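# Structural features, examined
Spelled out, the chains give:
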Amino acid sequence: MNEIRLKNEMKNMPREMNVEKTAPDPAREPSTPMVEIDRVAFFYGNQPALKNISMSIPRNKVTAFIGPSGCGKSTLLRCLNRMNDLVEGARMEGAIRIGGKDIHREIGDVSALRKQVGMVFQKFNPFPKTIFENVAYGPTIHGTKDRNALSAIVEKSLRATALWDEVKDRLNDSALRLSGGQQQRLCIARAIAVEPEVLLMDEPCSALDPLATARIEELMVELKRNYTIVIVTHNMQQAARIADKTGFLLLGELVEFGPTEKLFTRPADQRTEDYITGRFG
């Protein structure tokens, strides 16, 4: 892969599709970062996985983390909604603020944090329930019981993921009967049904074929109108196509972070250039 090829990838990024726009909230200043990572270090026992990471992730943009296996990108992603709290012996230093609030000191309720920060995993994992029940699950456990209200949420979420027209006549069918690409879009619909502000995606296309991958990429570009999206990907072309900002991690360190086009075509660090041109990784 060379610079010319990457520039061509940038030109062929998916176009945003026509969707209903949500009116901007004047209380949310667009220039204010949605996520602030401040000198974060993370340890599995005594083993450091992240070292002094700092970055500001902008609102309503797609931010990608790239780097070779074991570089810490998934660990960093899972720090953003405290998924690493489930790992015995793990600990974090530094601070992470989402919407200006420290997620450890000011958002004490982890369930409230995970409502604000949704997650889509590498392996699509619909519940062994109906399509309707999958999407309605989050709103239900957060207190929405009215069937009409749940139906409206399910339809809105499925429309947002361009799945409604494909499944509207079989909402009571098992979600496990959907194709892989449909199941991943269903998992995204399930994540946004509780109206998070941030949507985390850990290698969401790695188990999908090229056509399903293209559809998910188009969806991410579309969804950033209403959500701040952070994605981990091994696919550098994917980052080039969809990400507004990209961070390159290596051995637990943030080597470089900035506008995607600049990082791929005019990297500031030799290690970044070596990675994206295939000299290692």
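### Here we look at the overall build of the protein chain
- Check the secondary structure of the protein chain and you find 11 helices and 10 strands.
- The buried share of the protein chain, taken over its 281 residues, is 49%.
- For the protein chain, the proportion of contacts with a sequence separation of at least 24, taken over those separated by at least 6, is 68%.
- Total accessible area on the protein chain stands at roughly 13,500 Å², and carbon and sulfur atoms take up 48% of it.

### A word on the sheet that holds strand β10 (residues 253–259)
- In space, the six strands of this open sheet follow the order β6-β7-β8-β3-β9-β10, with mixed pairing throughout. With partners counted over all chains shown, the strands left at the sheet margins are β6 (117–120) and β10, one partner each. Strand-to-strand twist of the sheet, defined as the mean angle between neighbouring strand axes without regard to direction, takes the value 15 degrees.
- Where strand β9 (residues 245–250) and β10 come together, six bridges link them in antiparallel fashion. For glycine 247, the partnering residue across the bridge sits in β10 and is phenylalanine 257.
- Sheet strands touched by helix α7 (residues 180–192): β6 and β7 (198–202). Its angle to β6, the strand with the most contacts, is close to 170 degrees.
- Packed onto the sheet, helix α8 (residues 210–223) meets β3 (62–66), β7 and β8 (228–232) and runs at close to 145 degrees relative to β8.

### Re the pairing of β7
- The buried count for β7 comes to five of five residues, which makes it a mostly enclosed element.
- Where burial is concerned, the two faces of β7 agree: the one with Val198, Leu200 and Asp202 and the one with Leu199 and Met201 are both buried.
- Relative to β7, β6 runs parallel, the two sharing four bridges. Following the sheet pairing, glycine 118 is matched in β7 by leucine 199.
- Looking at chain direction, β7 and β8 are connected through five bridges and run parallel. Within the sheet, the bridge partner assigned to methionine 201 lies in β8 and is isoleucine 231.

### Topic: α8
- A rise of 1.5 Å per residue sets the reference length of α8, with its 14 residues, at 20 Å; its end C-alpha atoms lie 20 Å apart and thus fit the reference within 8%.
- On the buried face of α8, the contacting elements are β3, α5 (147–160), α7, β7, β8 and α9 (236–242).

### What about the pairing of β3?
- With five of its five residues buried, β3 lies for the most part within the structure.
- Bridging between β3 and β8 involves four bridges; their strand directions are parallel. Pairing of alanine 64 across the sheet is with isoleucine 231, part of β8.
- Here four bridges tie β3 to β9, and the two strands are oriented parallel to one another. When the sheet's bridge partners are listed, threonine 63 is paired in β9 with lysine 245.

### Some points on the layout of surface pockets
- A volume near 540 Å³ is recorded for the second largest pocket.
- Every residue lining the second largest pocket is counted, 21 residues in all, and those nearest its centre are Arg114, Gly118, Met119, Arg190 and Ala191.
- Across the lining of the second largest pocket, the residue classes tally to 12 nonpolar, six polar and three charged.

### Digging into the packing of helix α4 (residues 131–141) against α7
- Two elements in contact, α4 and α7, have axes whose closest approach is 6 Å; the angle formed by their N-to-C orientations is 35 degrees. Judged by residue contacts, Ile131, Asn134 and Val135 of α4 engage Leu186, Ala189 and Arg190 from α7.

### A few points about the side chain of aspartate 202
- With respect to the element layout, aspartate 202 can be found in strand β7.
- A polar side-chain atom of aspartate 202 sits 3.1 Å from a polar atom in the side chain of serine 74.
- Excluding its chain neighbours within four sequence positions, the residues that come into contact with aspartate 202 are Ser74, Leu77, Arg78, Met119, Val120, Phe121, Gln122 and Val232.

### Notes on the sheet that holds strand β2 (residues 47–57)
- The strand order across the open sheet built from four strands is β2-β1-β4-β5, with neighbouring strands paired in antiparallel fashion. Here the strands that pair on one side only, and so sit at the sheet edges, are β2 and β5 (101–102).
- Bridge count between strand β1 (residues 35–44) and β2: seven bridges; the pairing is antiparallel. Along β2, the bridge assignment pairs phenylalanine 43 with proline 48.

Cut-off values and rules
Starting from 1, residues in each chain are numbered consecutively following that chain's sequence as written. In view of the model being predicted, local features appear only for residues whose pLDDT reaches at least 70, and side-chain atom pairs are presented and counted only at 80 or more, with totals across whole chains, interfaces and linings using the full set of residues. Side-chain descriptors were evaluated using all non-hydrogen atoms of the structure, hydrogens and water having been removed beforehand. Per the convention used, a helix needs a DSSP run of H or I reaching at least four residues, while a strand needs a run of E reaching at least two, with both numbered from the N terminus. Accessible area is worked out with a 1.4 Å probe on protein chains only. A residue is then buried under 20% of its type maximum, exposed over 50%, and partly exposed in between. Contacts: residue pairs with any heavy atoms within 4.5 Å of one another. Computed by Shrake-Rupley with a 1.4 Å probe, the accessible areas treat only the displayed protein chains as cover when residues are assessed. Pairs of strands are assigned from DSSP output, requiring at least two bridges between the strands. A fitted line through C-alpha atoms represents every axis, and for helices the fit uses only the stretch in contact; the resulting angles, taken between N-to-C directions, go from 0 to 180 degrees. Here, expected helix span is obtained from the residue count minus one, scaled by 1.5 Å. The pocket and cavity definitions rest on a 1 Å grid over protein atoms only: a 1.4 Å probe that fits but cannot leave marks a cavity, an open set with protein on both sides within 12 Å along at least five of seven lines marks a pocket, and residues lining either have an atom within 4 Å of a point. Grid points are joined across faces, edges and corners, and a volume is the space filled by probe spheres set on the points. Side-chain classes follow a simple rule in which Ala, Val, Leu, Ile, Met, Phe, Trp, Tyr, Cys and Pro form the nonpolar group, Asp, Glu, Lys and Arg form the charged group, and the remainder, Gly included, forms the polar group. Counted as a polar contact is a pair of N or O atoms within 3.5 Å, where, for protein atoms, one must be capable of donating a hydrogen and the other of accepting one, and residues adjacent in sequence contribute only when both atoms are in side chains.

Structural measurements only, silent on function.
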